[in-house]
Amino acid sequence: MFPQPPRLREPILNLPATITLCLAVLIGIHALRLFLSDETDFTLIIDWSVIPARWSVAFGGVQVDEIMRSLREGVPEDTVTPMMALAQYVLAPEEGRPWTALTYAFLHGSWAHVLINGVWLAAFGTPIVRRCGAGRFLLLSAASAVCGAVFYAFMNPFQVLPMIGASGAVSGLMAAASWFMFAPASWHWEGRLTQPHERPRETLGHMVRNRQVLIFLGIWFAANYVFAFVQPAGLMDASIAWEAHIGGFLAGLVVFPLLDPLPARPRRISA
């Protein structure tokens, strides 16, 4: 009998190196913040998060007095609420900090926040990396994060609370994956069925007629509605910036066809 070659163990999570690195960065940043003092961590969040009111004052022609008046409505004249104090602190420098449209995605409010975004990043970022490569994946993620931040700020121009999290970028990856994840399987030249990331991209017409795509989009929008407006008790420890999700998702839908290295599925097959 011939000796059998040793069996190689397959890794439990076969993630691309780029996804593993992104997860390590997100987890590492949140872990390092545990060693910061409360004051330092507060300053970090304020300096690197998206604060729409800060953008409105710096780039939108809004006066600080307008924002302070909106926060004073219904409050006794001699009272300074915590929200008003935060607004005075945030808006005093009158700096726009445009780079926060990207840096906010590296910060999270809790370990649950990191875990949820990390799981979805691994699930939908992996096929994007395998299809497009690391460079285009990072470009798509950045575009989705920025568009999510801009749409959130547009919808909440007087908001002084910081918005953080990679949800906008992850939503863009979800939208990008919907272009090909539910496409019909075909035969690969190696004599096997194609993996989802190897399939031709659906056209917009194919997508709106694909029941799986419509169900996926319906569940995604429904989940955003539930967590944004219903907010089931005990499931989340902070409000959901659904506007950032929508902005990132729309960016993923629009940008991905421009970055996709594979051709779209033919509109019809000729005889």
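What you are looking at is a predicted structure, and each value in this text was computed from that prediction instead of being measured. In this numbering scheme, every chain counts its residues from 1 along its sequence in written order. Whole-chain, interface and lining totals are the exception, using all residues; otherwise, since this is a predicted model, local features are given only for residues with pLDDT of at least 70 and side-chain atom pairs are given and counted only at 80 or more. As a rule here, side-chain values come from all non-hydrogen atoms in the structure, and water together with hydrogens is ignored.

A.B. asks: A description of the overall build of the protein should follow, citing residues and the corresponding values.
C.D. replies: For the purposes of this entry, the term helix denotes a DSSP run of H or I that reaches at least four residues, the term strand denotes a run of E that reaches at least two, and both are numbered from the N terminus. In terms of helices and strands, the protein carries twelve helices and zero strands. Shown N-terminal to C-terminal, the secondary structure of the protein runs as helices and strands in the order α-α-α-α-α-α-α-α-α-α-α-α. Taking all 271 residues of the protein together, the buried fraction comes to 41%. Whether two residues are in contact is decided by their heavy atoms, any of which lying within 4.5 Å being enough. Considering only contacts within the protein whose residues lie at least 6 apart along the sequence, 80% involve residues at least 24 apart. By element, 65% of the accessible surface of the protein is carried by carbon and sulfur atoms, the whole surface being about 16000 Å². Partly exposed residues are those whose accessible area sits between 20% and 50% of the maximum for their type, while under 20% is buried and over 50% is exposed, using a 1.4 Å probe and protein chains only. Surface accessibility in these figures is a Shrake-Rupley result with a 1.4 Å probe; residues are shielded only by whichever protein chains are displayed.

A.B. asks: How would you summarise the packing of aromatic side chains if you had to cite specific residues and measurements?
C.D. replies: When two rings of Phe, Tyr or Trp (its six-membered ring) have centres within 6.5 Å they constitute a pair, described as stacked for plane angles under 30 degrees, edge-to-face for angles over 60, and tilted for the intermediate range. Summed over all chains, the structure comprises four aromatic pairs. Centroid distance F180 to F256: 5.6 Å. Interplanar angle 35°. Geometry classified as tilted. Here F180 is found in the loop between helix 9 (167–177) and helix 10 (204–209), whereas its partner F256 is found in helix 12 (residues 242–259), with 76 residues between them in sequence. Overall, F180 belongs to the buried group, its relative accessible area being 0%. Residue F256 is classed as buried on the basis of its relative accessible area of 1%. Ring pairing ties together the aromatic residues W120, F124 and F216, which thus form one cluster. Placement of a charge over a ring requires the Lys NZ or Arg CZ to be within 6 Å of the ring centre, with the centre-to-atom vector within 35 degrees of the ring normal. Taking NZ or CZ as reference, R131 lies 4.3 Å from the ring centre of F180, over its face.

A.B. asks: I'd like a rundown of the pattern of salt bridges, residues and numbers included.
C.D. replies: Opposite charge on two side chains permits pairing when their charged atoms draw close. Salt bridges are counted wherever a side-chain nitrogen of Lys or Arg sits within 4 Å of a carboxyl oxygen of Asp or Glu. Taken as a whole and assessed by the stated rule, the structure comprises five salt bridges. Here D41 and R33 are joined by a salt bridge, their closest N and O atoms 2.7 Å apart. Accessibility classification places D41 together with R33 in one group, the buried group. Residues R201 and D260 are paired through a salt bridge, measuring 2.9 Å at the closest nitrogen-oxygen approach. On the criterion of sequence distance, the pair formed by R201 in the loop between helix 9 and helix 10 and D260 in the segment after helix 12 is long-range, its members being 59 residues apart. Here R201 falls in the buried class, since its relative accessible area comes to 12%. Here D260 falls in the buried class, since its relative accessible area comes to 10%. Members of the salt-bridge network, linked through shared partners, are D47, E95 and R97.

Take it as geometry only, folks, not as evidence of what the structure does.
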